[in-house]
Amino acid sequence: MRSETAPAIRLEDYQQPAYRIDTVHLTIRLQPNETEVVCATSVASRDGTDAGAPLILDGDELTLVGIALNGKALDEGAYSVTPERLEIHTPPAEPFELVITTRINPDANTKLMGLYRSSGTYCTQCEAEGFRRITYFLDRPDVLAVYTTRIEASSKDCPILLANGNPVDAGRIENSDRHFSVWHDPHPKPAYLFALVAGDLARVADGYQTMSGKQVDLNIFVEHGNEAMCGWAMDSLKRSMKWDEETFGLEYDLEVFNIVAVSDFNMGAMENKGLNIFNDKYVLADPETATDQDYANIEAVIAHEYFHNWTGNRITCRDWFQLCLKEGLTVFRDQEFTSDMRSRPVKRITDVRLLKSHQFPEDAGPLAHPVRPRAYHEINNFYTATVYEKGAEVVRMLKTVLGAADFKKGLDLYFERHDGNATTIEAFLTCFEDATGTDLAQFALWYEQAGTPVVSVKTRHDPGNRTFTVDLAQEIPPVPGQKNSKPALIPLRFGLVAANGEDMETGAADGIEIANDTMLLEKARQKVVFSDVPSKPVLSLLRGFSAPVRLDQHQSEDELELLAASDRDPFNRWQAVQTLAMQELLRLTQLARSEKPLTPSQSVLDLFGTVLQDAELDPALKALALTLPSEADIAQEIGKDVDPDAIHQARQRLRAEFALTHRSALLKALTDHMPTGTYSPDAQTAGKRALSNRALHYFAVSDAEETAQRVWERFSNADNMTDRISCLTLLVHDGMPKRNEALKAYRLRHENSSLAMDKWFMVQATAPGSDTLKLVRSLKSDALFDETNPNRVRALLQSFATGNPTQFARVDGTGFEFIVESVLEIDKRNPQVASRLLTSFRSWRALESKRCALAESALLKISSCEELSRDSRDIIDRTLQ
């Protein structure tokens, strides 16, 4: 294991490689313990490279078997080699052929990076730096080559042999029980997009005709017995292909598109050219094992990886600092796809909830970094919510600033200009500047600055002069490595809402540029004066969450209630409800800390009742509006001196009082919106199911004896996983009488489904009871807990650390100690999974003093460990800085 602290890699130090690789011919002879890899490359020096400059290739835990240059074995003095590096001291000045043979052990590769073997299937994961675990190579994204791959393996063990591109040859190997397959990808790509899969897999086949009439073979490969669970994924793929053609004019460019679902995978999925490899949780679905949210996630992730074919593969990033170029843009594209497939308002609210719960805390803590970092120690640790979700918000803002038509012009130019390139954020923005004549220099600060801007808002109405004044100010609180920041360009969509709930028509506005319904905040402070405003309006600001900022806007309860009831913007209507709920939860939390009686506000209870009984409101939107801010959201809003127990007490009290106040309306909602007939994951039906289960969530604490039986019966009779897991969660989390019986029944029903059992582990790990830590410890010894499977580790340990604030941050510190023990165990075999688990400590400094000290003690234990991976060392160093 690489235990030393990795040197910092800095954007400012970027240099083109001295050599280029034009073609790669791989021959991979698969064996479980001794796989031989022959990598034949055509290499040439770049213009400006000094004659005889050494060729330095990356490696990672490799064994060199042989090396030849232009058909002749190299003398030992002509090169130097370690498992991590191969240097050819004086390569020829003219282009040359280099053949390197290495030996690797897929069975022993528990890191699940490079080429590994799991459950009998060979699989690769090469992003970001996994290809160097297969062969010595210029393993960087700006080295693009055309790949041809020959795979040889046992015909019995591996009847399926897959690689990137199109299949060009296959057959048996004479005098052996082995066979081969040859694949050719005509599109130059970086090594991180290389992929190989070999094993005994079932195939689900379909086809798609592109807009130009080309037929594409579509295949999904899964473990035998899972074929019937691929229908939704295949349908999602075909809809993604059609949507990308209709929306962006982008057509698929190979003869085949293959997806492989594997159970042991560090990531969600990987967009390897023509051979996407997926964590099986984002492919497999049926009503028995998948929730409505699982179906939505599969649809989104299938689309995301397919969309990478252009935004990531055809156009890739020059270096890893540009990771957001492919990920932020592609997340934006998959969000737009889902919005068109489902409900745009519901999708927007869901995405912003994810951003606020995952990215905002990241931006406010020791792991904060810009959307495009300027330095890193371990690139694996920068696959973050900032790069993905905030990166997507930056692209969305660009569309808002430019307008839809000009945004499309710029994107079209980007595809035309940079197809086949490894490029940069600067080049991306230049396309929009050139296409529209817009100066985006200030906008580019969104890629350069860390932290979440706080926009302060004050308003006043002058009835005599019929003016309405809005004072705006922006500031980014200090974050690690960035004490000062510059004003960004912030698009603020808005409306002025009259007392009747309608948007006002006003006269001119002075002091700021306004494009349609969007104010463009450019300075640290700006005053906006609207003329011809006869009566005081309520400012509805940040409609559609037009920028990833925090609003410091003190609106009265009456103003928020008006927006909650009447705002024509669905997002801000939802936000108004959430703001009122948050204010009440903060008040109750303070009372809990003071050990005073917790009496929820009647006006807030009435508001929730109004939302519940609003017959015009979309069921899915209503379910979201009735979802209280999470305990993590409340802690983030408090910001410092956080007491998780007080937060939990406050939230449970408001939930219980709402249930008692609106018991009959909740009963009506949970029965009226329970779908009947054959299960369907479509958005409308899923929305009804979401509202029914949200109503049950409250109803369950309104009358213990009657409701516990109702929850049990609904659990027992559920014909789909959405209802079943919702009821199981209530039974376990609320400590209902039949919780143990329900857990046993669920396990008996689903013990052969790994994805369903992940939910079983998760439900127990997130239970807020004081005995949960003891339970989670025991579950680590359960026969169904597989410490080598990332999904199972995330289901139990990550869920406990990030989804159970009261028990992770126990006042005795044992929750912290347990996660530290787990991190150290996992780090020895899978550093990526360990370092992700370690990020659960990112907000430790916000805790009250006793918990804060205990968290620091636990972190120092990890920091003092000498045998720590680079991944975990990087996270611990930044967390403690």
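Residues numbered from 1 in each chain as written. Predicted model: local features only at pLDDT ≥ 70, side-chain atom pairs only at ≥ 80, totals over all residues. Heavy atoms only, no water.

Please explain the overall build of the chain as it appears in this structure.
Check the secondary structure of the chain and you find 27 helices and 33 strands. Relative to the compact-globule value of 29 Å for 881 residues, the chain shows a C-alpha radius of gyration of 28 Å, a close match. Seen along its three principal axes, the alpha-carbon backbone of the chain occupies a region of about 90 × 65 × 60 Å. Taking the intrachain contacts of the chain between residues at least 6 apart in sequence as the baseline, contacts between residues at least 24 apart amount to 70%. (Helix = DSSP H or I, 4+ residues; strand = E, 2+ residues; numbered from the N terminus. Rg over C-alpha atoms; globule rule 2.2 N^0.38 Å. Contact = heavy atoms within 4.5 Å.)

Is there a simple way to explain the pattern of salt bridges in this structure?
Any two side chains of opposite charge can pair, so long as their charged atoms come close to each other. Counted according to the given criterion, the structure contains 71 salt bridges. Asp 206 serves as the salt-bridge partner of Lys 238, at 3.2 Å between the closest nitrogen and oxygen. With Lys 238 in helix H1 (residues 231–248) and Asp 206 in strand S17 (residues 202–209), this pair connects stretches of sequence that are 32 residues apart. For Lys 238, a relative accessible area of 27% gives the class partly exposed. Owing to a relative accessible area of 34%, Asp 206 belongs among the partly exposed residues under this scheme. Ionic pairing is found between Asp 532 and Arg 466, a salt bridge with its closest N-O pair at 2.7 Å. Residue Asp 532 is located in the loop between strand S31 (525–530) and strand S32 (538–541), and its partner Arg 466 is located in the loop between strand S25 (454–462) and strand S26 (467–475); the two are separated by 66 residues in the primary sequence. Taken together, the salt bridges that share partners define one network made up of Arg 593, Asp 641, Asp 643, Asp 645, Glu 848 and Arg 851. (Salt bridge = Lys/Arg side-chain N within 4 Å of Asp/Glu carboxyl O. Buried < 20%, exposed > 50% of the residue type's maximum accessible area, 1.4 Å probe, protein only.)

Help me understand the side chain of Gln 125, please; the structure alone is not making it clear to me.
If you trace the backbone, Gln 125 turns up in strand S11 (residues 121–125). Among the polar contacts made by the side chain of Gln 125, one reaches the main-chain carbonyl oxygen of Glu 127 at a distance of 2.9 Å. (Polar contact = N/O pair within 3.5 Å; in protein donor to acceptor, adjacent residues only side chain to side chain.)

I tried to follow the nonpolar core on my own but got confused; where do I start?
Soluble, globular proteins show a tendency: their nonpolar side chains are buried together. Within the largest apolar cluster, 282 residues are counted, with the highest numbers of intra-cluster contacts made by Phe 428, Phe 443, Tyr 447 and Leu 472. When residues no more than four places from it in sequence are discounted, the contact partners of Tyr 447 are Cys 324, Pro 370, Val 371, Arg 372, Val 394, Val 395, Ile 425, Phe 428 and Leu 429. (Core = buried A, V, L, I, M, F, W, Y, C linked by side-chain atoms within 4.5 Å.)

Would you mind showing me how to read the sheet that holds strand S19 (residues 256–262) here?
Either a parallel or an antiparallel arrangement is found when strands of a sheet pair, and the pairing is made through backbone hydrogen bonds. Taken together, five strands build an open sheet; the order of strands is S17-S18-S19-S21-S20 and the sheet is mixed. Two strands in the sheet have a free side with no partner beyond their single neighbour: S17 and strand S20 (269–270). Relative to the sheet, helix H2 (residues 292–307) contacts S19, S20 and strand S21 (275–279), its axis offset from that of S21 by approximately 150°. (Pairing = 2+ DSSP bridges. Axes fitted to C-alpha atoms, helices over the stretch in contact; angles between N-to-C directions.)

Quick question: what am I supposed to make of the packing of helix H13 (residues 631–638) against helix H14 (residues 644–661) here?
When two helices pack together, you describe them by how their axes are tilted relative to each other and by the distance separating the axes. The N-to-C vectors of H13 and H14 enclose an angle of 120°; their axes lie 10 Å apart at closest approach. By the angle between their directions, the pair H13 and H14 is classed as oblique. Note that H13 runs across H14; the crossing there is right-handed. Between H13 and H14, the residues in contact are Glu 631, Ile 634, Ala 635 and Ile 638 and Ile 647, His 648 and Arg 651, respectively. Its residues placed into classes, the contact of H13 with H14 shows four nonpolar, one polar and two charged. (Parallel < 35°, antiparallel > 145°, perpendicular 65-115°, else oblique. Left-handed = near helix turned anticlockwise from the far one by under 90°. Nonpolar A, V, L, I, M, F, W, Y, C, P; charged D, E, K, R; others polar.)

For this particular structure, what's the right way to read the layout of surface pockets?
It is the rolling of a water-molecule-sized probe over the atoms that shows where space remains empty. Its volume calculated, the second largest pocket comes out at about 1,200 Å³. Lining the second largest pocket are 43 residues; nearest its centre among them are Ile 9, Asp 58, Arg 132, Asp 139 and Arg 140. Contributing elements (two or more residues each) for the lining of the second largest pocket: strand S1 (9–10) and strand S4 (55–58). Among the elements that line the lining of the second largest pocket, the one with the most residues is S4, at four residues. Split into classes, the residues belonging to the lining of the second largest pocket amount to 18 nonpolar, six polar and 19 charged. (1 Å grid on protein atoms, 1.4 Å probe; cavity = no way out; pocket = protein on both sides within 12 Å on 5 of 7 lines; lining within 4 Å. Points joined across faces, edges and corners; volume = space filled by probe spheres on them.)

Where do I start with unusual backbone geometry in this structure?
Trans peptide bonds make up the majority, and among non-glycine residues the majority have a negative phi. With an omega of 5°, the peptide bond running from Glu 127 to Ala 128 counts as cis. Turning to its location among the elements, Ala 128 is positioned in the loop between S11 and strand S12 (145–154). For Phe 545, which is not glycine, the phi torsion reads 50° and is therefore positive. With a relative accessible area of 2%, Phe 545 lands in the buried category.

Got a minute to help me understand the pairing of S25 in this structure?
Moving residue by residue along a regular strand, the side chains alternate between the two faces of the sheet. Pairing geometry for S25 and S26, over nine bridges, is antiparallel. Bridged to Thr 459 within S26 is Val 470. Sheet topology note: the S25/strand S33 (residues 550–553) ladder contains four bridges and is parallel. Its bridge partner being in S33, Val 455 is matched across the sheet by Leu 551.

Would you take a moment to explain the pairing of S32 for this structure?
The alternating pattern of S32 places Val 538 and Ser 540 and Leu 539 and Leu 541 on opposite faces, both of which are buried. Pairing geometry for strand S27 (residues 490–497) and S32, over four bridges, is antiparallel. Along S32, the bridge assignment pairs Leu 496 with Leu 539.

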